[in-house]
Amino acid sequence: MKSLILTFAVALVATLSLNAQALQCSPEKPIAGETVTLSYDQDQTILANEKELKATVLFLNNNPTGDRFHIEDVNFVQEKGVFKANLTIPAKANLFYIALANEVEGEKDNNGGKGYGFSLYQADRKALLPGVKGNLGLIKGRYGYYANADRDVPAALALVKEEFTSNPAARKDATLLSFFTAESKRAKDEAALAEAKKMAEAITNDKKATEQNLFNAYQVYKTLDDKAMLETVGNNIRKKYPKGMLVRSEKMEAVSMEKDLPKKVALYESLAGLPFSPTEKNAYTSLTSVIASGYLGKKDWANFEKYLNQTTDKNRKANLLNSAAWQLCGEGIVKEVSKEDAERSAKYSKQSIDLIKSLQTSTDKADVPAYASAKQMKDNLKSALGMFSDTYAVCLYRTGKYAEALEYQQVYNETHKFTDPETNERYCIYLEKAKGGKEAEAMLEKLITSGTASEGMKTQFVRLFQANNSPEVAAQRYLANLEEDAKAHKREELRKKMIDKEAPDFKLRNLKGEEVALSSLKGKVVILDFWATWCGPCKASFPGMQKSLEALKDRSDVVFLFIDTWEKGENKEKAAAEFIEKNKYSFNVLMDNDDKVVGSYKVEGIPTKFIVGKDGRIKFMSVGFNGTETLIEEVAAMIDLAAEVKP
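As a starting point, this report considers the structure included with it. (Residues numbered from 1 in each chain as written. Predicted model: local features only at pLDDT ≥ 70, side-chain atom pairs only at ≥ 80, totals over all residues. Heavy atoms only, no water.)

### Let's talk about the sheet that holds strand S8 (residues 116-119)
Step number 1: On the basis of which strands lie adjacent, the open sheet formed by 4 strands has the order S4-S3-S7-S8 and antiparallel pairing. Each having just a single partner strand, strand S4 (69-75) and S8 make up the two edges of the open sheet. When the angles between neighbouring strand axes are averaged without regard to direction, this sheet yields 20°.
Step number 2: Both strand S3 (residues 54-61) and strand S7 (residues 93-100) contribute to a ladder of 7 bridges, which runs antiparallel. Counted as the bridge partner of Val57 is Ile98 from S7.
Step number 3: Those strands touched by helix H2 (residues 132-147) are S3, S4, S7 and S8, and its axis lies near 25° from that of S7.
Step number 4: Along the sheet, helix H14 (residues 374-398) contacts S3 and S4; its crossing angle with S4, the most-contacted strand, is approximately 90°. (Pairing = 2+ DSSP bridges. Helix = DSSP H or I, 4+ residues; strand = E, 2+ residues; numbered from the N terminus. Axes fitted to C-alpha atoms, helices over the stretch in contact; angles between N-to-C directions. Contact = heavy atoms within 4.5 Å.)

This is the structure:
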């Protein structure tokens with residue numbers, strides 16, 4: 001295949017002109033270390049009616065081995081229809097992007113997919129800083145999610161290539177070299193791969209090459225699967241640096257890959273005393289959480305706690321404690337658990353909540369991950385606290401502390417606005433135990449009416465209604481009325497959320513080798529479900545999707561298409577086919593092997609479903625999975641509403 005890089009040489013100049021129309025920077029050619037003023041004219045964008053602007057800034061630097069970027073919050077203030085913010089640029093930065101989080105009908109303003117980016121200049125404000133083009137390439141190929149910019153790998157490779165040409169020092173940049181080699185291989189760009197190998201050979205033959213340089217070259221040979229050079233260069237590095245980066249990397253990789261837990265532990269313990277760098281230290285200490293997770297699976301609580309206590313990442317530690325507590329408490333209140341397990345689950349769960357709360361009040365910048373701003377971390381912690389509170393409520397219920405269980409369950413349910421039937425069911429059980437049948441009945445009536453009740457809640461309501469009010473027949477009739485009201489309410493709420501957006505056409509082959517084109521299905525309601533075999537929420541949603549499919553099997557105007565995307569591994573079709581066959585799903589699975597279709601729909605996470613109306617346009621978009629009962633009801637309602645639209 002000829003090189004893709006030259007194809008984009010003409011577009012390179014346009015790519016570097018990042019000062020956007022709606023978002024302006026003053027000075028127009030900013031330099032590192034100064035404070036600039038950002039002005040966002042919202043009237044030019046889809047955010048014209050927004051009263052508040054939520055934004056973050058992604059700063060990139062030239063650090064060749066450490067943290068390449070970090071994210072901060074940007075505080076915009078509205079002044080006469082224009083949002084303004086002052087931004088202090090770090091001294092080592094060479095590029096920054098502003099990501100706007102506000103959404104209108106599910107869309108963000110991302111400057112037509114380019115993002116709002118600003119290159120930094122040298123002190124004379126004439127020439128760009130070294131490394132700008134390379135980092136622009138990383139934005140287009142790797143960090144676009146954080147910059148709110150579309151992925152464009154060919155353009156990314158062109159930019160990195162230009163950086164290598166204009167800045168020879170960049171050829172030893174570990175991040176750029178790794179990205180360039182990996183993406184060239186993925187694109188089957190033989191010319192670019194030859195260039196990557198040439199750069200690796202130059203490093204290998206350089207007598208002044210540092211250990212880091214040699215390690216970078218080794219990684220290129222590894223990506224290229226050049227076994228001869230891997231052996232030659234690898235042996236030379238190991239001989240010259242017996243406790244060096246390559247040896248340490250291989251030892252840590254061996255720990256990660258080992259499946260036998262005792263062997264994994266032995267390999268980990270053998271790492272003690274190696275001279276890890278600060279960056280490596282993080283990877284090294286994270287292995288303790290992997291080992292702790294292994295002991296969690298074996299219910300070896302002594303060793304679980306031993307390695308958990310060696311885990312320094314508070315967030316990771318809290319998640320492990322929550323997982324252990326959830327397992328010990330029976331993953332809900334249906335199964336029976338021993339008194340010992342119930343008490344241990346409560347201890348672990350309380351520890352997980354205490355850790356999250358400590359992070360919420362922390363002022364230590366080290367507690368903020370590189371991939372999030374301080375506000376984003378706080379939002380993530382709020383979500384985590386809600387989830388962990390749900391676990392703790394079950395643990396408290398198991399130990400007979402009903403009032404406290406109700407208190408913590410309310411934290412979760414309020415976070416999710418009482419939309420999850422499964423946790424609503426637990427809330428009402430705790431409510432009856434803690435405050436009696438009358439209050440539980442009133443809450444059940446409210447939740448059933450809003451359409452967020454499980455079958456168990458309806459049974460509980462009937463029982464309480466009978467005990468408190470009237471005979472069973474009256475209760476059943478009343479319940480039926482509530483359910484009808486709930487369906488009507490949900491239908492009207494969904495009607496308000498209907499959209500009317502273009503559905504990008506595509507042609508994909510299914511697991512039988514048959515080609516399916518979206519355009520050929522105009523006149524039908526089409527459900528597009530983007531998924532992958534590694535995606536837990538996707539798989540959790542499939543029993544409900546199977547029921548939805550079966551319920552509508554006699555409707556010739558409804559088509560379900562399950563689009564396998566972002567799939568991992570070499571044989572994607574095999575992985576998908578084996579999963580579908582194993583679970584006996586009657587899905588028409590289409591393979592988006594090059595991830596182009598998912599990109600055209602601008603999907604940011606899976607599962608994501610689109611309901612395409614009979615006119616061939618998107619009417620609904622649904623992200624994530626909120627429970628089987630909710631899924632079945634919503635899908636049915638969305639299909640009915642989409643079917644009302646004339647072709």
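### A few points about the sheet that holds strand S5 (residues 77-79)
Step number 1: An order of S1-S2-S6-S5 is seen for the 4 strands of this open sheet, with the pairing classed as antiparallel. The sheet terminates laterally at strand S1 (23-26) and S5, the two strands that pair on one side only. Averaged over all adjacent pairs, the angle separating strand axes in this sheet is 30°, with direction ignored.
Step number 2: One ladder, built from 3 bridges, connects S5 with strand S6 (residues 82-88); its direction is antiparallel. Bridged to Val77 within S6 is Lys84.

### Quick word on helix H21 (residues 572-582)
Step number 1: Every buried residue belonging to H21 is among Lys572, Ala576, Phe579 and Ile580, and all of these are buried. The arc that holds the buried residues of H21, viewed along the axis, is 95°, so those residues lie on one side. Exposed and facing more than 90 degrees away from the buried side of H21 are Glu581 and Lys582.
Step number 2: Buried positions along H21 lie against strand S12 (525-531), helix H20 (536-551), strand S13 (558-564) and strand S14 (589-591).
Step number 3: Looking at where H21 begins, the residue whose side-chain oxygen comes 3.0 Å from the main-chain nitrogen of Lys574 is Asn571.
Step number 4: Remark: Lys584 follows H21 within two positions and exhibits a positive phi of approximately 55°. (Buried < 20%, exposed > 50% of the residue type's maximum accessible area, 1.4 Å probe, protein only. Arc of directions from axis to C-beta. Polar contact = N/O pair within 3.5 Å; in protein donor to acceptor, adjacent residues only side chain to side chain.)

### Concerning the state of the cysteines
One covalent bond between the sulfur atoms of two cysteine residues makes up a disulfide.
Step number 1: Considering all chains together, one arrives at 1 disulfide under this definition.
Step number 2: Across a sulfur-sulfur distance of 2.3 Å, Cys535 and Cys538 are joined as a disulfide pair. Residues Cys535 and Cys538 share a disulfide whose torsion about the S-S bond is about 80°; that sign makes it right-handed.
Step number 3: Using a relative accessible area of 2% as the deciding quantity, one classes Cys535 as buried. (Disulfide = S-S within 2.5 Å.)

### Examining the pattern of salt bridges
Step number 1: Counted under the stated rule, the structure contains 31 salt bridges.
Step number 2: Its salt-bridge partner being Lys197, residue Asp226 comes within 3.2 Å of it at the nearest N-O pair. Note that Asp226 is positioned in the loop between helix H6 (211-224) and helix H7 (227-240) and Lys197 in helix H5 (residues 190-204), a separation of 29 residues in sequence.
Step number 3: Given a relative accessible area of 31%, Lys197 falls into the partly exposed group.
Step number 4: Measuring nitrogen to oxygen at the nearest pair gives 3.2 Å for the salt bridge that ties Asp557 to Lys614. Of this pair, Asp557 sits in the loop between H20 and S13 while Lys614 sits in the loop between strand S15 (608-612) and strand S16 (617-623), and the two are 57 residues apart along the sequence.
Step number 5: Judged by relative accessible area, which is 17%, Asp557 ranks as buried.
Step number 6: Taken together, the salt bridges that share partners define one network made up of Glu305, Glu340, Arg344 and Lys347. (Salt bridge = Lys/Arg side-chain N within 4 Å of Asp/Glu carboxyl O.)

Interpretation in functional terms is not warranted from these geometric data alone.
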